[in-house]
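Descriptive analysis of the structure
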Amino acid sequence: MEQNVGETDKLLRYVAGAMFGIASIAILLGVLETADFIALIFGLAAIVLLGTAILGYCGLYALLGIDTCDLEQQTT
């Protein structure tokens, strides 16, 4: 599996994934008042974002033909 997520993209995914994860936990603990299904949605988003950052591969990018690794290599 060829990587298609560049370093800057990975960093943004790590940050967004962590934020969604923290928000999901805060909802489940009652710190944030909102519907419980929002915690599930945020939790799933966190898993997807962190997973794609760790693997360096995004299935949606593959379907759309996007490769941020190549963009970064061309500019350096």
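Up top you'll find the structure we're talking about.
Given the structure is predicted, the values throughout are model-derived calculations rather than measurements.

With respect to the overall build of the protein
Secondary structure assignment for the protein yields 4 helices and 0 strands. When the elements of the protein are put in sequence order from the N terminus, they spell out α-α-α-α. Taking 2.2 N^0.38 as the reference for a compact globule, 76 residues should give roughly 11 Å; the C-alpha atoms of the protein span a radius of gyration of 15 Å, well beyond that estimate. Considered along the principal axes of its C-alpha atoms, the protein spans approximately 45 × 25 × 15 Å.

Section: the side chain of Asp9
Relative to the elements of secondary structure, Asp9 occurs in helix 1 (residues 7-29). Classification of Asp9 by relative accessible area gives buried; the value is 13%. At 3.5 Å, the side chain of Asp9 forms a polar contact with the side chain of Thr68.

A short note on helix 1
Structurally, the α-helix is built with 3.6 residues per turn, so residues lying three or four positions apart point the same way. Over its 23 residues, helix 1 extends 33 Å from the first C-alpha to the last, a length consistent with the 33 Å expected when each residue adds 1.5 Å. Restricting attention to buried positions, one finds in helix 1 the residues Asp9, Lys10, Arg13, Gly17, Gly21, Ala23, Ser24, Ala26 and Ile27. Following helix 1 by one or two positions, Gly30 has its phi on the positive side, about 90°.

Considerations on helix 2 (residues 36-55)
A rise of 1.5 Å per residue sets the reference length of helix 2, with its 20 residues, at 28 Å; its end C-alpha atoms lie 29 Å apart and thus fit the reference within 8%. Within helix 2 the residues assigned to the buried category are Ala39, Gly43, Ala46, Thr52 and Ala53. Taken together, the buried residues of helix 2 touch helix 1. Phi turns positive, to about 75°, at Gly56, one or two residues after helix 2.

The rules behind each value
Residues numbered from 1 in each chain as written. Predicted model: local features only at pLDDT ≥ 70, side-chain atom pairs only at ≥ 80, totals over all residues. Heavy atoms only, no water. Helix = DSSP H or I, 4+ residues; strand = E, 2+ residues; numbered from the N terminus. Rg over C-alpha atoms; globule rule 2.2 N^0.38 Å. Buried < 20%, exposed > 50% of the residue type's maximum accessible area, 1.4 Å probe, protein only. Polar contact = N/O pair within 3.5 Å; in protein donor to acceptor, adjacent residues only side chain to side chain. Expected span 1.5 Å × (residues − 1). Contact = heavy atoms within 4.5 Å.

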